[in-house]
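Spelled out, the chains give:
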Amino acid sequence: MAINVKTPRDSFGSRLGVIAAAAGSAIGLGNIWRFPYVAGENGGGAFLMVYIGFIILIGVPVMISEFVIGRSAQRNPVGAFNSLAPKTLWPLTGFLGIIAAFSILAFYTTVSGWTLEYLYLAITDSFKTKTAENLAMSFESFRTSGLRPLIWQNIFMFLTAFIVYRGIRNGIEKYSKILMPLLLLIIIILGIRSITLPGAGEGLLFLFKPDFSKITGAVVLEALGQSFFSLSIGMGTLITYGSYIGKNVKLGNTALSVSAADTLIAILAGVAIFPAVFAFGIAPESGTGLVFIALPLIFEQMTGGYFFALIFFLLLSIAALTSTISVLEVVTAYLSEELSLGRKKATLLAASSIAVLGVACTMSQGPWSGISVGDKNLFDLLEMISANIILPLGGLLIVIFVGWHLSKEKVFAEISNQGNLKAGFRYLYLFIVKFLAPVAIAFVFMHGLGLFRFFGSGD
Ligand code: TRP
């Protein structure tokens, strides 16, 4: 089957491969590490409601829009805007994505490094008989120690570069297909163990019972940022992946399946973590260490805990890897297509320059924590700026571009493959990208940054 005869570009081999790779990008530390800790810091149930609302109303349409841009232009984000809107400022949206890729990968590889350390701890059976305090303390001392997290981080970056280097079909697609379903299975098992712990009910109430008095402008912006981060949208990752999607693939269905899988995994991670958090008396707002403290406690309580811990951290590392490759791919595609570097050189240049920022990020957890803005070190800053500022801004520009710059005919032709595929959602979709999503994003954004007030002040 010749799908892409006229272009020498690499592409995904099948429909399932597309979903696996996009879900591989979306599902990662954002679901299992970030979602529980951000939900914990932002009030639990109410946060979850707002989060799910954003996924459906804004996330899915933004994801479709990225696919539309990427597949119609057949280029990296900068090149895509250049070719769809030549001689305009739109390509700056692509550059914003490149900046986001640097910031996200820098702190994301730090956390990915932590998962490798925990994989190592699982292999060496180091969680046994530890209390919540022990685990919290060893996480702190590891996180702030400098050298050890640095080594893991760079091993992780190397693995990421290795896969990106091998290209789309034989690299990215192959690794995503088998491992994601396995991760789902393990999280379900963990969830079952967690909700049967004594005192677990409180955790479920925390996660599912909304207390709307907790909703503030800042919480709503966190929910928007987290929904973008978790779906991998707002910076061109899915523009890039979209450019590798065959014309016969339904973009609407793909976006829906990917978003549903992503949300399911985040909720299941919450179900695994919060009951344990409450059962063991951990504060839900403990921050970035939450999963690394709560999950080992569950493993200690399980028959076969050694085995489950090992598989879990292995799969979590792999889930992180299928996400980091999707971010590195953006910079690699940009460098290789726009600056005509070979793929090999582009990968090396992208990975090594991002690694420099990554090192600074890991060091900012401990040795360099003195360098900070307010109470935020470099890690916190990059995380906050990328998730809560760059991604929503990118998403805003992306929907405005599809809604207002591209013609209705072009957008409809792209999502229906020139009328060959059914796309009954197209009018609703166009309405959302033209009006609802831009207004909602702009509103949440300005409100969250305190530019005006609609909800309470939050204190
Ligand atoms: N979505 C991934 C996660 O939840 C992280 C990620 C990959 C990402 N690519 C991205 C986040 C692009 C934002 C933008 O772990």
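Preceding this section is the structure that the text describes.
The sections below set out a description of the structure shown in this document. (Residues numbered from 1 in each chain as written. Predicted model: local features only at pLDDT ≥ 70, side-chain atom pairs only at ≥ 80, totals over all residues. Heavy atoms only, no water.)

### With respect to the site of the ligand
Part 1 of the reasoning: Taken together, 17 residues lie around the ligand, and Ala-26, Gly-30, Tyr-108, Phe-229 and Ser-232 are the ones closest in.
Part 2 of the reasoning: Here a nitrogen atom of the ligand and a side-chain polar atom of Ser-326 are 3.3 Å apart.
Part 3 of the reasoning: Isolated, the ligand exposes 360 Å² of accessible area, and the fraction of that covered by the protein chains is 100%.
Part 4 of the reasoning: A class-by-class count of the residues in the shell around the ligand yields eight nonpolar, nine polar and no charged. (Near = heavy atom within 4 Å. Polar contact = N/O pair within 3.5 Å; in protein donor to acceptor, adjacent residues only side chain to side chain. Areas by Shrake-Rupley, 256 points an atom, 1.4 Å probe, with all protein chains shown as cover. Nonpolar A, V, L, I, M, F, W, Y, C, P; charged D, E, K, R; others polar.)

### Comments concerning the side chain of Thr-110
Part 1 of the reasoning: Secondary-structure assignment places Thr-110 in helix H5 (residues 91–123).
Part 2 of the reasoning: Residue Thr-110 is classed as buried on the basis of its relative accessible area of 0%.
Part 3 of the reasoning: One polar contact links Thr-110 to Gln-153, side chain to side chain, over a distance of 3.2 Å.
Part 4 of the reasoning: Look past the residues within four positions of Thr-110 in its chain and what remains in contact with it is Gln-153, Gly-358, Cys-361, Thr-362 and Phe-379. (Helix = DSSP H or I, 4+ residues; strand = E, 2+ residues; numbered from the N terminus. Buried < 20%, exposed > 50% of the residue type's maximum accessible area, 1.4 Å probe, protein only. Contact = heavy atoms within 4.5 Å.)

### A short note on the packing of aromatic side chains
Part 1 of the reasoning: A complete count under the given rule lists 32 aromatic pairs for this structure.
Part 2 of the reasoning: Look at Phe-95 and Tyr-334: their rings are 5.7 Å apart centre to centre, the planes differ by 80 degrees, and that puts the pair in the edge-to-face class. Here Phe-95, found in helix H5, pairs with Tyr-334, found in helix H14 (residues 305–338); they are 239 residues apart in sequence, far enough to count as distant.
Part 3 of the reasoning: Ring geometry for Tyr-108 versus Phe-229: centroids 6.0 Å apart, planes at 40 degrees, classification tilted. (Phe/Tyr/Trp six-rings, centres within 6.5 Å; stacked < 30°, edge-to-face > 60°.)

### Some details on unusual backbone geometry
Part 1 of the reasoning: Non-glycine residue Asp-125 carries a positive phi angle of around 55 degrees.
Part 2 of the reasoning: Structurally, Asp-125 is set in the loop between H5 and helix H6 (132–143).
Part 3 of the reasoning: In this structure Asp-125 comes out as partly exposed when scored by relative accessible area, which is 31%.
Part 4 of the reasoning: Located in the positive-phi region is Thr-129, a residue other than glycine, with phi close to 60 degrees.

### Some words on H6
Part 1 of the reasoning: In a regular helix each residue adds 1.5 Å, so twelve residues correspond to 16 Å; H6 covers 16 Å between its end C-alpha atoms and thus fits that length.
Part 2 of the reasoning: Within the sequence span of H6, burial applies to Ala-132, Leu-135, Phe-139, Phe-142 and Arg-143. Taken end-on, H6 shows its buried residues confined to a sector of 100 degrees, consistent with a single buried face. In this structure, H6 carries Glu-133 and Met-137 as exposed residues pointing more than 90 degrees from its buried face.
Part 3 of the reasoning: As for H6, its buried residues are in contact with H5, helix H7 (147–165) and helix H13 (290–300). (Expected span 1.5 Å × (residues − 1). Arc of directions from axis to C-beta.)

### Overview of the nonpolar core
Part 1 of the reasoning: Counting 158 residues, the largest nonpolar core has Trp-33, Phe-312 and Phe-313 as the members making the most contacts within it.
Part 2 of the reasoning: If one sorts the elements of this core by residue count, H14 sits on top with 17 residues.
Part 3 of the reasoning: In contact with Trp-33, not counting residues within four places along its chain, are Phe-107, Val-111, Trp-114, Thr-288, Val-291, Phe-292, Phe-379 and Glu-383. (Core = buried A, V, L, I, M, F, W, Y, C linked by side-chain atoms within 4.5 Å.)

Nothing here speaks to function; it is geometry throughout.
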